[in-house]
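# Examination of the molecular architecture
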Amino acid sequence: MFHGGGARWQQLAPDNTGNYANGQWSSLQSMNVGRLYFGSAVLPNGNLFVIGGEHANSQQFGQNNKYTPEIYDPTTGQWTTGPMDDPQPIGDNNVEVLPNGNVLCGNAFDGGTEIFNPTTLAWSTGGNLNYANTASPNPSDETTWVKLSDGSILTYDIGQSTVLNKFIAERYMPSTNTWLDVSSSTVPILATKASIYELGGACLLPEPDGRAFYTGSDGRTAFFDPATNTWTAGMLPFNPGINTQMT
């Protein structure tokens, strides 16, 4: 599945040998809400969950209708609209599937999070991030979440780190619905104000390593060890002045 802009989706099917290079494109049913820069996640049953958006139905950031979640069932080809997350909108923040199949979503305008149950279509309150201030009130915005091997979720807070000039990171613990402060006093921050508070990609390294690898928007990188909750500075790319992109 590929998002085609607005509410449109397309799919690429392989040929009869399984080759996608020789595959065929076709249109899927459109979402009920057109979205740009929205959260998405594949649920344990194979359905696709989407929520929020920085701009939806061509409306400005802050309009309520774009926060409505939708679930796509590939077996029926149909979208189902869920209840709006009210009063805390999601916007263009991160989402991640929890071990029990629920979805953790970052709030758009404060340091809270919300939890969506795709089975009951009900919302509940998630844990509050530890760092939120008037200079950067949304610790989930422009960040990259990484789900660790134990089902916990790691985030590097690009906004707070840039404002406070300190490496700020947190780890969500599903068993307690709380965020654990796993910041570092020795690792350089991964971006500057000049990079407009943007962050590069991040990923979980395969076992037996199991560390998370983060890239900054100005070329700096860092590793997180979930066994010790510690960070170490990583290598710089060949050209450290470029914005970092991962493949």
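These figures come from a predicted structure and were not determined experimentally. Every chain begins its residue count from 1, and numbering advances along the sequence as written. This being a predicted model, a pLDDT of at least 70 is required before a residue's local features are given, and a value of 80 or more before pairs of side-chain atoms are given or counted; all residues contribute to the totals for chains, interfaces and linings. Based on all heavy atoms of the structure, the side-chain values leave hydrogens and waters out of the count.

What follows concerns the sheet that holds strand β5 (residues 39–42). A pair of strands is considered paired only if DSSP assigns at least 2 bridges between the two. Strands here are runs of E lasting at least two residues and helices are runs of H or I lasting at least four, both read from the DSSP assignment and numbered beginning at the N terminus. Spatially, β5-β6-β8-β9 is the arrangement adopted by the four strands of the open sheet, whose pairing is antiparallel. In this open sheet, the two edge strands, each paired with only one partner strand, are β5 and β9 (78–81). Strand-to-strand twist in this sheet, taken as the mean axis angle between neighbours without regard to direction, amounts to 20°. By the bridge criterion, four bridges tie strand β8 (residues 70–73) to β9 in an arrangement that is antiparallel. From the neighbouring strand, Ile 71 faces β9, where its bridge partner is Thr 80. A fitted line through C-alpha atoms serves as each axis, taken over the contacting stretch for helices, and the angle formed by two N-to-C directions is quoted from 0 to 180°.

Position of Thr 221 relative to the elements: it lies in strand β20 (residues 221–225). Under the rule applied, a polar contact is a pair of N or O atoms within 3.5 Å (in protein, one hydrogen donor and one hydrogen acceptor; residues adjacent in sequence only if both atoms are side-chain atoms). Within polar-contact distance, the side chain of Thr 221 engages the backbone oxygen of Met 235 at 2.6 Å. Contacts were defined at the residue level, with two residues in contact if any of their heavy atoms lie within 4.5 Å. Residue contacts for Thr 221: discarding those within four places in its chain leaves Leu 190, Phe 213, Tyr 214, Thr 215, Ala 233, Gly 234 and Met 235.

Put simply, two rings from Phe, Tyr or Trp (the six-membered ring, in Trp's case) pair if the centres are within 6.5 Å, and we call them stacked under 30 degrees between planes, edge-to-face over 60, tilted for the rest. Scanning the model with the defined rule gives 13 aromatic pairs in all. Relative to Trp 79, the ring of Tyr 72 lies with its centre 5.0 Å away and its plane at 50°, an arrangement referred to as tilted. The classification of residues rests on relative accessible area computed with a 1.4 Å probe and restricted to protein chains. Under 20% of the type maximum is buried, over 50% is exposed, and intermediate values are partly exposed. Trp 79 sits in the buried class, given a relative accessible area of 8%. Between the aromatic rings of Phe 116 and Trp 123, the centroid separation amounts to 5.0 Å while the plane-to-plane angle is 55°, which identifies the pairing as tilted. Accessibility expressed as a relative area gives 1% for Phe 116, which makes it buried. Members of the aromatic cluster, each reached through a chain of ring pairs, are Tyr 156, Phe 167, Tyr 214, Phe 224 and Trp 231. By definition here, charges over rings are those cases where NZ of Lys or CZ of Arg is within 6 Å of the ring centre and within 35 degrees of the ring normal. For the cation-ring pair, Arg 211 lies above Phe 223, with the distance from its terminal atom to the ring centre recorded as 4.2 Å.

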